[in-house]
Amino acid sequence: MSVAASRRIINIISIIGIGVSIALTIYFINLGVFKDINALRGLVGDSVILGPIIFVLIQILQVVIPIIPGGISSAAGVLIFGPTAGFIYNYLGISIGSVIIFLLGRRYGKPFILCMISEKTYNKYIGWLDNQNRFEKLFALAIFLPVAPDDALCLMAGLTNMSVKKFTLIIILAKPASIFLYSLALIYGGTFLTGLLG
């Protein structure tokens, strides 16, 4: 098979994948799973195998398609599956989604990135890319912290010479802390506020 034919097949698969992702996202939005924990719990159900697979897929989608707020689904993972399993499913979905948007940023470049994030955010962080070594350190620190714009930085990392292996290693090692802290803040912060207001 020629290189041109291989690229054509890869492009067709990519287009189909994007189409399926958009269709699933619209379906999940119509079900209300990104805004209502009860709707998400109803979709995931009590299935030991299918439930976690659906949840991980939802987490991947909320990273790849930034119009979806990830906070509710992250907290829901812990509330539905418990602290340990919820953390694992959050970690899997968010990590896979992060690698996907890194690859998309690398494949389609600046025009695609500017479709996904605001120009203001792009301009704020583009200076980080001037020094490759500095960027990698700042990127690893940002991924470790729960307050950084992870998705935007993952997209922009695609514009650097960082290898897929190094990117994936940073995500695998640094993501757990931010996911854990973020989930705790959402769950216990929400409980605290409910207690104050109730």
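Rules used throughout
- Residues numbered from 1 in each chain as written.
- Predicted model: local features only at pLDDT ≥ 70, side-chain atom pairs only at ≥ 80, totals over all residues.
- Heavy atoms only, no water.
- Helix = DSSP H or I, 4+ residues; strand = E, 2+ residues; numbered from the N terminus.
- Buried < 20%, exposed > 50% of the residue type's maximum accessible area, 1.4 Å probe, protein only.
- Contact = heavy atoms within 4.5 Å.
- Areas by Shrake-Rupley, 256 points an atom, 1.4 Å probe, with all protein chains shown as cover.
- Axes fitted to C-alpha atoms, helices over the stretch in contact; angles between N-to-C directions.
- Parallel < 35°, antiparallel > 145°, perpendicular 65-115°, else oblique.
- Left-handed = near helix turned anticlockwise from the far one by under 90°.
- Nonpolar A, V, L, I, M, F, W, Y, C, P; charged D, E, K, R; others polar.
- Salt bridge = Lys/Arg side-chain N within 4 Å of Asp/Glu carboxyl O.

We now examine the overall build of the protein. Within the protein, the secondary structure is distributed over nine helices and zero strands. Secondary structure of the protein in N-to-C order comes out as α-α-α-α-α-α-α-α-α. Each of the 198 residues in the protein was classed as buried or not, and the buried ones make up 39%. Across the protein, contacts joining residues at least 24 apart in sequence account for 72% of those joining residues at least 6 apart. Accessible surface, the protein as shown: approximately 11100 Å² in total, 69% of it carbon and sulfur.

Before going further, it helps to spend a moment on the packing of helix 7 (residues 132–144) against helix 8 (residues 150–157). How two helices pack is summed up by the angle between their axes together with the distance between the axes. Packing of helix 7 against helix 8 leaves a shortest axis separation of 10 Å and a crossing angle of 155 degrees. When the axes of helix 7 and helix 8 are compared, the pair comes out roughly antiparallel. Our pair here, helix 7 against helix 8, has a crossing hand that is left-handed. Facing helix 7, whose interface residues are Phe135, Phe139, Ala142 and Ile143, helix 8 presents Asp150, Leu153, Cys154 and Ala157. Among the residues making up the contact of helix 7 with helix 8, the classes are represented as seven nonpolar, no polar and one charged.

The tally for this structure, following the rule as stated, stands at two salt bridges. The salt bridge partner of Glu136 is Lys166, with a shortest N-O separation of 3.0 Å. Placement of Glu136 in helix 7 and of Lys166 in helix 9 (residues 164–197) is noted, with a sequence separation of 30 residues between them. Taking the relative accessible area as the measure of exposure, Glu136 reaches 14% and is therefore buried. For Lys166, a relative accessible area of 38% gives the class partly exposed. Where Asp150 meets Lys175, a salt bridge forms, and the shortest distance between an N and an O atom there is 2.4 Å. Of this pair, Asp150 sits in helix 8 while Lys175 sits in helix 9; the two residues are 25 residues apart in sequence, bridging distant segments of the chain. On the accessibility criterion, Lys175 (3% relative accessible area) is buried.

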